[in-house]
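Okay, here's what each chain looks like letter by letter:
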2 protein chains.
Amino acid sequence: MAKVNVQEKIQSENERVAAANRAAFAKAGVLVLNLVSSPGSGKTTLLEGTLDRFPAAGLRALVIEGDVCTARDLERVKAHGGSGVQINTGGGCHLSAQMVSEVLGRLDLAAADVVFIENVGNLICPSTYDLGEDAKVVLLSTAEGDDKPMKYPTIFHESTLAVLNKTDLLPYIAFDIAKVEKEIAVLNPRCEILRVSALRGEGMDAWISWIASRLAAKRQSAKRAG
Amino acid sequence: MAKVNVQEKIQSENERVAAANRAAFAKAGVLVLNLVSSPGSGKTTLLEGTLDRFPAAGLRALVIEGDVCTARDLERVKAHGGSGVQINTGGGCHLSAQMVSEVLGRLDLAAADVVFIENVGNLICPSTYDLGEDAKVVLLSTAEGDDKPMKYPTIFHESTLAVLNKTDLLPYIAFDIAKVEKEIAVLNPRCEILRVSALRGEGMDAWISWIASRLAAKRQSAKRAG
């Protein structure tokens, strides 16, 4: 019981800080996407391709990079013109709202349209931590196998969009993409799905359009509320 | 502080049960390998190929399958002649010694030489939980990218063997296998490394030999002690 109570206390404190983060993001009018996946599904490569395409789309990005160790991903993001901050969890298996809150002061939200939070590579623990984002985006690499949604249901249930990445590997592996899309629809009928090869560019236009449309919807809704 | 104390208590209780598991495994003279990796690195495919080769090597296996949800992996193992038990953590991100202890009574250890514990797909949380195994074996799929050991150092530090799996995909991806081997050696100079394609069979003989040699060493050492 003690364990459960501590867990509940951690979650409730996380919810409180996530709400404050969400308010800060809303005030700045930025769309915030929390990217979650296994290690090596291509979150950073997706960000690289996104940053390459953002100027032409008239969009400005900031990136919060979460990792157990190293600043490798932030260095990659910076090489593609991105700016942002690195959070190293030092063993921690997910980002928390508190970790995000602590770096918010170092981000110039007024100079951004979209904030990407690249979570720690983990398909389980980040699923249940709200960081104050507008949407969770789950990535699944085709190389991970087509049995994963049902084996890791929570993150697919919590996500607004599923990016099926590394479609360029489809000719070389056994991955039934239609089966995966069906299983995601069973777990979460409202979850949108995009087929993407972040490396080769396939599906990237649809991804950029999806972001632009979510941003427009958020700003429209804020206008009506204000 | 409360959080730290609870974590310490959980870990110390886990150590106690792990020691009891280890004693039960030692009494039965079985070698126990704890397989850890990201989702979709090929743990179950490695087990399928292992079970196919065990009879010719004169070895008998039991499998403890850990997953958040579904019994899909145990079904695959059974289709290759394996027998064992499924543990569903129901959201939990790693197996614990207690979970293993609870299923030990359902395993006929006397009829096995090797027990494989397939941990939940997660490169972080299982790293620090001793289940009573003789060795942790970490799998890394080439499709996950060659930057992973330094980003997830704990599991490479804790493992006795690293299996670099899906070498069949090397022609289609950017993965510097020599760089990965060097980084693993920096993190853990005693960690052995095997290049494997569990799907195509490459490196599987070396894997079976490694198991047989670890088993012989364990039994030899028990004989000397007894």
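The residue numbers shown here count from 1 along each chain, following its written sequence. Chains carry letters and ligands carry numbers; both start at the beginning, A for chains and 1 for ligands, and go up in the order they are written. Reporting in this predicted model follows two pLDDT cut-offs: at least 70 for local features of residues, and 80 or more for side-chain atom pairs to be given and counted; totals over whole chains, interfaces and linings ignore these cut-offs and use all residues. Side-chain numbers come from the whole structure's heavy atoms, not from hydrogens or water.

Focus on the relation of the copies chain B and chain A
In the superposition of chain B on chain A (RMSD 0.0 Å, axial shift 0.0 Å), the rotation amounts to 180 degrees. Considering both components of the superposition, the chain copies are consistent with a two-fold axis. Mapped onto chain A, 100% of the interface residues of chain B again fall at the interface, so both copies present the same surface. Each copy is superposed on the other by least squares, with the fit set by C-alpha atoms of residues at a pLDDT of at least 70 in both. By definition in these notes, contact holds between two residues if any of their heavy atoms fall within 4.5 Å.

Quick word on the sheet that holds strand S5 (residues 135-141) of chain B
All names here are of chain B. For two strands to be treated as a pair, DSSP must find no fewer than two bridges joining them. Secondary structure counts use DSSP, requiring at least four H or I residues in a row for a helix and at least two E residues in a row for a strand, with both numbered from the N terminus. One open sheet accounts for seven strands, arranged S3-S2-S4-S1-S5-S6-S7; its pairing is parallel. Looking at strand neighbours, the two that pair on one side only are strand S3 (84-88) and strand S7 (192-195), the edges of this open sheet. Direction aside, the axes of adjacent strands within the sheet are offset by 20 degrees on average. The sheet contact formed by strand S1 (residues 31-36) and strand S4 (residues 114-118) spans five bridges and is parallel. Note that in S4 the partner of asparagine 34 across the bridge is isoleucine 117. Helix axes are fitted to C-alpha atoms over the stretch in contact, other axes to C-alpha atoms as well, and angles between N-to-C directions run from 0 to 180 degrees. Docked against the sheet, helix H7 (residues 177-187) engages S5, strand S6 (161-165) and S7, running at close to 165 degrees with respect to S6. Of the strands in this sheet, S1, S4, S5, S6 and S7 are in contact with helix H8 (residues 204-225), which crosses S1 at around 135 degrees.

Section: helix H3 (residues 72-79) of chain A
Only protein chains enter the accessibility calculation, which uses a 1.4 Å probe; a residue is then buried when its area is under 20% of its type maximum, exposed when over 50%, and partly exposed in between. Restricting attention to buried positions, one finds in H3 of chain A the residues Asp73, Leu74 and Val77 of chain A. Take H3 of chain A and look down its axis: the buried residues cluster within an arc of 100 degrees, on one side only. Residues of H3 of chain A that are exposed and point over 90 degrees away from its buried face: Glu75 and Ala79 of chain A. Of the surrounding elements, those touching the buried residues of H3 of chain A are helix H2 (43-53), strand S2 (61-67), strand S3 (84-88) and strand S4 (114-118) of chain A together with helix H5 (148-151) of chain B. In this context, the arc is that of the directions from the helix axis out to the C-beta atoms.

Notes on the packing of aromatic side chains
All names here are of chain A. Each pair of aromatic rings taken from Phe, Tyr and Trp, with Trp reduced to its six-membered ring, is defined by centres within 6.5 Å and is described as stacked if the planes are under 30 degrees apart, edge-to-face if over 60, and tilted in the remaining cases. Applying the stated criterion across every chain yields a total of seven aromatic pairs over all chains. Between the aromatic rings of phenylalanine 54 and phenylalanine 116, the centroid separation amounts to 5.8 Å while the plane-to-plane angle is 50 degrees, which identifies the pairing as tilted. In this pair, phenylalanine 54 is assigned in the loop between H2 and S2 and phenylalanine 116 in strand S4, connecting sequence segments 62 residues apart. Feature note: the residues Phe54, Phe116, Trp207 and Trp210 constitute an aromatic cluster, connected by ring pairs.

Looking at the pairing of strand S2 (residues 61-67) of chain B
Residue and element names in this part refer to chain B. Burial of S2 is extensive: seven of the seven residues sit out of reach of the surface. Here S2 shows two buried faces, one formed by Ala61, Val63, Glu65 and Asp67 and the other by Leu62, Ile64 and Gly66. Taken together, the five bridges between S2 and S4 define a ladder with parallel strand orientation. Directly across from isoleucine 64, in S4, lies its bridge partner isoleucine 117. Bridging between S2 and S3 involves five bridges; their strand directions are parallel. Within the sheet, the bridge partner assigned to glycine 66 lies in S3 and is isoleucine 87. With the strands pointing away from the viewer, any crossover whose connection runs clockwise from the first strand over the helix to the second is right-handed. Taken together, S2, helix H3 (residues 72-79) and S3 form a β-α-β motif whose crossover is right-handed.

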